[in-house]
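A look at the structure
Here's the letter readout for the chains.
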Amino acid sequence: MAQQHNFEHIYKQHMHDLLRYLLSLTRRKESAEDLMQETFYRALLHLETYKGEEVKPWLFKIAYHAFIDWYRKEKKRPTVEIEEWHFTPQPSAEEQVMIQSEIDGWLSDVSALPPAKQNIVLLRDYHGFTYEEIAEMTGYTLSKVKMDLYRGRQQLKKRKEEDG
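Bear in mind that the values here come from a model prediction, so they are computed numbers and not experimental data. (Residues numbered from 1 in each chain as written. Predicted model: local features only at pLDDT ≥ 70, side-chain atom pairs only at ≥ 80, totals over all residues. Heavy atoms only, no water.)

**Topic: the side chain of T39**
To be explicit about the condition: Segments assigned H or I by DSSP are reported as helices when at least four residues long, segments assigned E as strands when at least two residues long, and all are numbered from the N terminus. Whether two residues touch is decided by their heavy atoms; if any such pair falls within 4.5 Å, the residues are in contact.
By the secondary structure assignment, T39 is in helix α2 (residues 29-45). In contact with T39, other than residues within four places in its own chain, are L18, L22, L59, I62, A63 and A66.

**Topic: helix α6 (residues 131-138)**
Stated precisely, the cut-off is as follows: Relative accessible area decides the class of each residue, using a 1.4 Å probe on protein chains only: under 20% of the type maximum gives buried, over 50% gives exposed, and in between gives partly exposed. This arc is taken over the directions from the axis of the helix to the C-beta atoms.
If you check which residues of α6 are buried, you get I134, A135, M137 and T138. The buried residues of α6 all sit within an arc of 165° when viewed along its axis, so they share a single face. Along its buried surface, α6 packs onto α3 (55-74), α5 (115-126) and α7 (142-163). Where α6 terminates, the next one or two residues include G139, which has phi positive at roughly 85°.

**Details of the nonpolar core**
As a rule of thumb, nonpolar side chains are buried together in soluble globular proteins. This is how the line gets drawn: Put simply, a nonpolar core is a bunch of buried Ala, Val, Leu, Ile, Met, Phe, Trp, Tyr and Cys residues held in one set by side-chain atoms that sit within 4.5 Å of each other. Here the bounds of each domain stem from an automatic or database domain assignment.
Within the largest apolar cluster, 38 residues are counted, with the highest numbers of intra-cluster contacts made by Y21, L22 and F67. Only α1 (2-26), α2, α3, α4 (93-111), α5, α6 and α7 provide two or more residues apiece to this core. Tallying contributions element by element places α3 first for this core, with eleven residues. Looking at which domains feed residues into this core, each of domain 1 (1-82 + 89-95) and domain 2 (104-163) supplies at least three. Residues within four places of F67 in sequence aside, it is in contact with L22, L25, T26 and L35.

**A closer look at the packing of aromatic side chains**
Cut-off, in case you're wondering: We call Phe, Tyr and Trp rings a pair once their centres come within 6.5 Å, taking the six-membered ring for Trp, and we label the pair stacked below 30 degrees between planes, edge-to-face above 60, and tilted otherwise.
What the rule picks out here adds up to seven aromatic pairs. For the ring pair Y11 and F40, a centre distance of 4.6 Å and an interplane angle of 65° mean the geometry is edge-to-face. Taken together, the residues span a long stretch of sequence, with Y11 in helix α1 and F40 in helix α2 at a distance of 29 residues. For Y11, a relative accessible area of 24% translates into the label partly exposed. Centroid distance Y21 to F60: 4.7 Å. Interplanar angle 40°. Geometry classified as tilted. You can see Y21 sitting in helix α1 and its partner F60 sitting in helix α3, a full 39 residues away along the chain.

Here you go:
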């Protein structure tokens, strides 16, 4: 019973971060919600493989693997426009629209990156994970994480300069 209580606490503590992460990867609310549930289902199934490391990177690693499985199934289907969603309430409607527009533009640019670079950029620049945590989550070497992050940022910078 204590394990179930702890798992419920973990779910409540990390569900919003995971949902935002999966929204940024899938760009579809329903898919992100499904993948979040799949993530916690897989975490519960594989609880015995949890080695006491930080919970949040472990969950994000599971979420990324669930996303990759979903992506492989979905990549031949046409994409659907992202629904409007809000990160945090802002004091004024104008500020909120401007911030949301910037975030949407950045996420749109990030979504044009290859999936591996997209994931690394999102994990580092959006969710604030360390290089070491990203390497652990993705299974890449530390140097590959840094190189892909650098190249992804360069592609984003180049795209922004081209857009003017």
